[in-house]
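Coordinate analysis (summary)
Okay, here's what each chain looks like letter by letter:
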Amino acid sequence: MTVRMLFSLLWLSLVVPALAGRQGGATPDPVGTVRTQMRNVKYRFSDNVSVQINALNGSLVPLGNNECPVLDDKNSFKIHIDSAEIAIGPQDLANLLNSYVFARPNSPLSGVSVSVANGRLKIKGRLRDSGDLPFETQGVMEPTPDGRIRLHSDKIRALHVPVTGLMDAFGIEIADLIKSGKVAGVQSEGNDLILNLEQMLPAPHIEGKVTAIRVESNSIIQTFGSADVKPGLRSPQGNYMSYQGNRVRFGRLTMDDADILVSDLNPNDPLDFFLDHYREQVAAGYAKVTPSFQLRVYIKDFDKLGPARSTAKSQQK
């Protein structure tokens, strides 16, 4: 039973970062939610997309007919963020845009790159419907009243020539496509791009209200929630992910009154977690169960696994 719990609990780490949604704040927890807290976690969505969760307080909320989060089904729950500070680097943001948002065959943009300089965000790419015409836009980022992210563009160029607005750069059809919301998570308002990472990221979907954005050390740092959000569940030292309360289902098991703490074997750097390789990370660490059946797991950072990654992954297929 303990081994199954070890392998299954890490599905809980699907609660990533995230990022921006339209709902947030300290609201009453719906029935069946599991409280979660994270500190200093590098969460990898894929081989080329990760975020840095400096701190996060929130909950797993069951969706549909599910009475509790089912960790084997990432569509069975969503992540509600009460408060958080989450950073994403320009390259990770560019990979997210290229791999998810503009990855469809009929997408209007391709080859998107993102860079940061002097607190400003610069986005470059090519317009597919205009013969791969190069464009770039740059400006400042700020939260919208409903918790999304606004890129206020004050410099726009197409074919390296300054233009007066997004409509002139993208062309009427492409601008309307973005403005109409047919590109998931991206809309345009005048010369501004509105980014909704709740829609841009894959399941499990997240919700939370971005209240501040700043740029530090080549990272885009987002603050969720407000200062009056209640403190988290616990205050352990080091890098960790914790889950507490109500019921969690994983595999053939159901854990009532969940109390799970996932810690870093090496607390000197962020807890590096990659869901695709959770089995290797668990196997490289250890776990224990307290007398009151609290589960405590210590995992090895993904970037320290070495060649075992590819071997274990091929054995899972």
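Scroll up a little and you will see the structure.
Before going into details, it helps to say that this report is about the structure given with it. (Residues numbered from 1 in each chain as written. Predicted model: local features only at pLDDT ≥ 70, side-chain atom pairs only at ≥ 80, totals over all residues. Heavy atoms only, no water.)

**Details of the overall build of the chain**
Counting its regular elements, the chain contains seven helices and 20 strands. In the chain, 61% of the contacts between residues at least 6 apart in sequence involve partners at least 24 apart. Accessible surface, the chain: about 14,600 Å² in total, of which carbon and sulfur atoms supply 49%. (Helix = DSSP H or I, 4+ residues; strand = E, 2+ residues; numbered from the N terminus. Contact = heavy atoms within 4.5 Å. Areas by Shrake-Rupley, 256 points an atom, 1.4 Å probe, with all protein chains shown as cover.)

**A closer look at the pattern of salt bridges**
As enumerated under the stated definition, the model contains twelve salt bridges in all. The residue Arg 150 makes a salt bridge to Asp 192 at a minimum N-O spacing of 2.9 Å. Highlighted residues: Arg 150 in strand β7 (residues 149-158) and Asp 192 in strand β10 (residues 192-195), separated in sequence by 42 residues. Grouping residues by exposure puts Arg 150 and Asp 192 together as buried. The partner of Lys 304 in a salt bridge is Asp 269, and the shortest N-O contact between them spans 2.7 Å. With Lys 304 in the loop between β20 (295-299) and α7 (308-316) and Asp 269 in the loop between β17 (259-264) and β18 (271-274), this pair connects stretches of sequence that are 35 residues apart. Look at Lys 304 and you get partly exposed, because its relative accessible area is 31%. (Salt bridge = Lys/Arg side-chain N within 4 Å of Asp/Glu carboxyl O. Buried < 20%, exposed > 50% of the residue type's maximum accessible area, 1.4 Å probe, protein only.)

**What about the nonpolar core?**
Within the largest apolar cluster, 65 residues are counted, with the highest numbers of intra-cluster contacts made by Ile 53, Ile 86, Phe 102, Val 114, Leu 121, Ile 220 and Met 241. Excluding residues that lie within four positions of it along the chain, Ile 220 makes contacts with Ile 86, Ala 87, Ile 88, Leu 93, Val 116, Leu 121, Met 141, Ile 213 and Arg 214. (Core = buried A, V, L, I, M, F, W, Y, C linked by side-chain atoms within 4.5 Å.)

**Some points on the environment of Tyr 278**
By the element assignment, Tyr 278 lies in helix α6 (residues 278-283). Tyr 278 gets classed as buried once you look at its relative accessible area, which sits at 6%. With 24 residues separating them in the primary sequence, Tyr 278 and Phe 302 have C-alpha atoms 8.3 Å apart.

**Quick word on empty space enclosed by the protein**
Considering all chains together, one arrives at three cavities of 30 Å³ or more under this definition. Quantified by volume, the second largest cavity comes out at close to 50 Å³. Taken together, Ile 88, Leu 93, Met 141, Ile 149, Leu 195, Leu 197, Ile 220 and Gln 222 make up the lining of the second largest cavity. When the residues that make up the lining of the second largest cavity are grouped by side-chain class, the tally is seven nonpolar, one polar and no charged. (1 Å grid on protein atoms, 1.4 Å probe; cavity = no way out; pocket = protein on both sides within 12 Å on 5 of 7 lines; lining within 4 Å. Points joined across faces, edges and corners; volume = space filled by probe spheres on them. Nonpolar A, V, L, I, M, F, W, Y, C, P; charged D, E, K, R; others polar.)

**Observations concerning the packing of aromatic side chains**
The geometry of an aromatic ring pair is captured by the separation of the ring centres together with the interplanar angle, meaning the angle of the planes. Counting across every chain of the model gives three aromatic pairs. Pairing Phe 274 with Phe 302 gives two aromatic rings, centres 5.0 Å apart and planes at 80°, and the pair type is edge-to-face. With Phe 274 in strand β18 and Phe 302 in the loop between β20 and α7, this residue pair connects regions lying 28 residues apart in the sequence. Summarising the burial analysis for this pair, Phe 274 and Phe 302 share the class buried. Considering the side-chain rings of Tyr 286 and Tyr 298, the 4.8 Å spacing of their centres and the 15° angle between planes classify their relative orientation as stacked. Highlighted residues: Tyr 286 in strand β19 (residues 286-289) and Tyr 298 in strand β20, separated in sequence by twelve residues. A relative accessible area of 48% means that Tyr 286 is categorised as partly exposed. We classify Tyr 298 as partly exposed; its relative accessible area is 22%. (Phe/Tyr/Trp six-rings, centres within 6.5 Å; stacked < 30°, edge-to-face > 60°.)

**Things to note about the pairing of strand β5 (residues 120-127)**
Here strand β4 (residues 109-117) pairs with β5 via seven bridges, running antiparallel. Bridge pairing in β5 links Ser 115 to Lys 122. From the end of β4 to the start of β5, which pair antiparallel, there are two residues, and Asn 118 there has a positive phi angle of about 55°. In this sheet, strand β6 (residues 133-143) lies alongside β5 in antiparallel orientation, the contact comprising seven bridges. Paired with Lys 122 across the bridge in β6 is Gln 138. (Pairing = 2+ DSSP bridges.)

**Examining unusual backbone geometry**
One non-glycine residue with positive phi stands out, namely Asn 40, at about 50°. Within the secondary structure, Asn 40 sits in strand β1 (residues 34-44). For Asn 40, a relative accessible area of 26% translates into the label partly exposed. Here Asn 118, not a glycine, exhibits a phi torsion of approximately 55°, which is positive. Along the chain, Asn 118 falls in the loop between β4 and β5.

None of the figures reported here should be taken as evidence of function without further support.
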